[in-house]
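Letter by letter, the chains look like this.
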There are 2 protein chains.
Amino acid sequence: MRNVVVLGVGMHSFGKFLDKSLMDLGRTAIWNAIEDSRLSPKDIEVAYVGNSLGGLVTGQEGVRGQVILRDAGLSGLPIINVENACASGTTAFRGAWLEVASGVHDVALAVGVEKLFLPDTSESIKILAADSDIRLRDFGFQFTAHYAMKLRKYMQTSGCTKMDFARVVEKNSFNASMNPYAQNRKPLSAEQVLGSRLIAEPLHLYMCAPMGDGAAAAILCTEAMARKFTNRPLVTIISCSLRSGKFQDPNNSEPENTIALTAKSAYELAGVGPEDIDVAEVHDAMAPIELCHYEELGFCPEGEAVRLLDEGRTRITGNITVNPSGGLAGRGHPVAATGMAQVAEVVWQLRGEAGGRQTFDPKVGLVQTSGGFVEDDTAAATVIILKR
Amino acid sequence: MRNVVVLGVGMHSFGKFLDKSLMDLGRTAIWNAIEDSRLSPKDIEVAYVGNSLGGLVTGQEGVRGQVILRDAGLSGLPIINVENACASGTTAFRGAWLEVASGVHDVALAVGVEKLFLPDTSESIKILAADSDIRLRDFGFQFTAHYAMKLRKYMQTSGCTKMDFARVVEKNSFNASMNPYAQNRKPLSAEQVLGSRLIAEPLHLYMCAPMGDGAAAAILCTEAMARKFTNRPLVTIISCSLRSGKFQDPNNSEPENTIALTAKSAYELAGVGPEDIDVAEVHDAMAPIELCHYEELGFCPEGEAVRLLDEGRTRITGNITVNPSGGLAGRGHPVAATGMAQVAEVVWQLRGEAGGRQTFDPKVGLVQTSGGFVEDDTAAATVIILKR
């Protein structure tokens, strides 16, 4: 397998854009990535387009990526549409990586794009349930409920409090206030978070990722080719792991942790450990779940996530910064766009281009995404490790 | 890149199954492929699931493959949902091939599954438009219209007649009558075809692929590994090409033929030419388009497709059999399942297991699929070449 680098990244801001189509969102992200890469669109040999809910939101299924790319002026290349709920973007990224790593293509485009806002927001909320097994919807089991239950259990085993959860939002909303692509840029105090409306105990409104529209893209190529286009530091993909939950395993008395297993294989492949990670973007669809991810990703031993937070080690000024972008509650969460936005943030961090939210000289970064639920396990977990 | 073989294939019959879900269809095809492969489901390391319209038909998007595979008893592995209209199945196949060829995984599952029939068939027909750019629908431009226009042009340039078109159906319906998985198993005479209802000049009802539900699956692995499971002749994938149309090219004065270009790259990669192909499954969503495919795939020079048909060379008894399965009008056309059913047919042919429709000792087989339209070009064209 060949070494693959992220040559360039681009985004469309996350937010509510009722007047914009999937094409509008995708086009901006794609061209920002092309400009950042300094190559010609003709150099792109293959494209992976991740979108999760466009069929139900827009009525367009089947050839979403072709329609989006045609609108962006790209055609005549292999286009693969992929879908893995909230991990659709990173699944697209993994596909692009595999094309280049395997030697089939030299330059690949990965796009994550999602349009959720409809004039009637209740329609959007109903559609969001299609990112998990829709039969769960019949039990009123929305993904917020899943997170609420997981966090209540975590409170019991770890002894942490709702104030600890609120302090995650405090940290991330501060980061988001410096992110020009973020949907929510207002810094929030822990008190403000706990004062916001209760959604599902222990989750308050400001802990939850908002509905959003947005897109992000990356261009991947071989290390050798990258040097033709740029003198900037190269960001190399040192691992790219994907796994689905172990649903319905009759021997599953002690359920496996799918995210932890995905991280384990990513670390093994990359030849680095959690102690080597300087900056990470994790999938905190509900911000407090970031604490669970500290433990699942090995950033600290089990039960010690709050200590990591207390010591400020996961802040921008810490030694293992988590969610400098603002995370999903801060940056926003247009499902398939999220993973690619996480990649963009880590690339900017590793290149030292993250502006006010830049962490100190990071060398290794991690992206973790989890998409959808089947039964009570993650339907698609991805962990990507990047190195400058 | 490593040599990859198709270890086993399986299908669920194509037809109208109002009482069956995507899971029901997928489960049967997957387990038939597992049994044909003689491995344990635990040996499967990665899965690609192609489905095109399940979001709009069933309400389930995002994690369709995970829901289908969980139901089939498979979990804990990477699952990638792909979508490319009628080429969704072969796009899944290409993904599975790339995983094994690149060395990332040793055993991969590819599934194509589609449920189109709803109690109200007019709903299904409306949904089918989402397999092409839905903005075309506003012009009343359904894919049948595209084929009708292409075929009228072909009649003008080649001088062929509607009777020639009807004779393609005569040939293929005879083949389908011997295919236990086919949706339409009644042999039709050319006269019966021309006597059926006119849909869009020059297309009559029996020339058109029917609406359908169905599924097909294949298990791919390395050549070395295959020998552990089977003593049967191995079917090796010698190329797997994918391309999208060249939409909106300002220099596109003489439009390129996307299917011909995809075939060209497949032949180059495989190191074989059209003269080496013994059996082919081609994407005749409207049966007469098979004649155009003869020329696009290089089976005969331009304008000589009817002669190839006249000489009986594309019959089961011919030297370059086309659509022994019955083709899309005969076997049926549940969008994403079609490409994988084509693969299954070619594998059975190469192994000598095709029963009454077995061709004489074929060594090299080809699968061609085209999926959806953007403007007036194919959104996703695939060509796969298999060798015993």
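Please read all numbers here as calculations on a predicted model, not as lab measurements. For every chain, the first residue of its written sequence is number 1, and the numbers climb from 1 along that sequence. The lettering of chains begins at A and the numbering of ligands begins at 1, in the order of writing. Two thresholds apply to this predicted model, a pLDDT of at least 70 for residue-level local features and 80 or more for giving and counting side-chain atom pairs, whereas whole-chain, interface and lining totals are computed over all residues.

1. Quick notes on the domain arrangement of chain A
All names here are of chain A. Those domain boundaries reflect an automatic or database domain assignment. Taken as a whole, chain A is organised into domain 1 (4–120 + 213–237) and domain 2 (135–209 + 239–387). Taking only C-alpha atoms into account, the centre of domain 1 sits 23 Å from that of domain 2. Taken together, the 38 residues of domain 1 in the interface contact 34 residues of domain 2. Strands are runs of DSSP state E lasting at least two residues, helices are runs of H or I lasting at least four, and both sets are numbered from the N terminus onward. Of all elements in the fold, only β1 (4–15), α4 (88–101), β4 (107–114), β7 (213–222) and β8 (235–243) reach the threshold of two or more residues within the side of domain 1 that touches domain 2. The dominant element in the side of domain 1 that touches domain 2, judged by the number of residues it contributes, is α4, at seven residues. Residue polarity is assigned by list, with Asp, Glu, Lys and Arg as charged and Ala, Val, Leu, Ile, Met, Phe, Trp, Tyr, Cys and Pro as nonpolar; anything else, Gly included, falls into the polar class. When the residues that make up the side of domain 1 that touches domain 2 are grouped by side-chain class, the tally is 21 nonpolar, 13 polar and four charged. Here contacts are defined at the residue level, using C-beta atoms placed from the backbone and a cut-off of 7 Å between them.

2. Let's talk about the relation of the copies chain A and chain B
Superposing chain A onto chain B takes a rotation of 180° plus a shift of 0.0 Å along the axis, which leaves an RMSD of 0.0 Å. The relationship between the two copies is best expressed as a two-fold rotation axis. Considering only C-alpha atoms, the part of chain A nearest the rotation axis is Val82(A), at 2.2 Å. Least squares is the method for superposing the copies, and the C-alpha atoms it fits come from residues with pLDDT of at least 70 in both.

3. A look at the interface of chain A and chain B
In this complex, chain A contributes 48 residues to the contact, which on the side of chain B involves 47 residues. Looking at the side of chain A that touches chain B, the elements with two or more residues in it are α2 (54–58), α3 (64–71), β3 (79–83), α4, β8, β11 (364–374) and β12 (377–387) of chain A. Of all the elements, β3(A) adds the most residues to the side of chain A that touches chain B, at five residues. Its residues placed into classes, the side of chain A that touches chain B shows 21 nonpolar, 19 polar and eight charged.

4. Description of the environment of Ile134(B)
Along the polypeptide, Ile134(B) turns up in the loop between α5 (121–128) and α6 (143–158). The spacing of Ile134(B) and Val374(B) is 240 residues in sequence and 9.0 Å in space, taken between C-alpha atoms. If we ignore the near neighbours within four places in the chain, the residues touching Ile134(B) are Gly59(A), Gln60(A) and Ala129(B).

5. Observations concerning the packing of α4(A) against helix α14 (residues 335–351) of chain A
Residue and element names in this part refer to chain A. To get an axis, fit a line to the C-alpha atoms, keeping to the stretch in contact for a helix; angles then go from 0 to 180 degrees between the N-to-C directions. In the contact formed by α4 and α14, the axes pass within 5 Å of each other and the chain directions differ by 55°. Put simply, α4 runs oblique to α14. Contact with α4, carried on its side by Ser 88, Gly 89, Thr 90 and Phe 93, involves Val 335, Ala 336, Ala 337, Thr 338, Gly 339, Met 340 and Val 343 of α14 and no other residues of that element. These descriptions rest on fixed angle ranges, namely under 35 degrees for roughly parallel, over 145 for roughly antiparallel, 65 to 115 for roughly perpendicular, and the rest for oblique.

6. What about unusual backbone geometry?
All names here are of chain A. Pro 202 follows Glu 201 through a cis peptide bond whose omega is 10°. Along the chain, the position of Pro 202 falls in the loop between β5 (198–200) and β6 (203–204). The phi dihedral of Asp 361 falls on the positive side, at around 45°, and the residue is not glycine. With respect to the helices, strands and loops of the structure, Asp 361 is situated in the loop between α14 and β11.

7. Overview of the pairing of β8(A)
Residue and element names in this part refer to chain A. Buried residues are those with 20 or more other C-beta atoms within 10 Å of their own C-beta, exposed residues have 12 or fewer, and partly exposed residues lie in between; C-beta atoms are placed from the backbone. Most of β8 is tucked away, with seven of its nine residues classed as buried. When DSSP locates at least two bridges between a pair of strands, those strands are taken to pair. The pairing of β1 with β8 spans three bridges and is classified as antiparallel. Note that in β8 the partner of Val 5 across the bridge is Thr 236. Where β8 meets β12, seven bridges bridge the pair, whose relative direction is antiparallel. Bridge pairing in β12 places Leu 242 opposite Thr 382.

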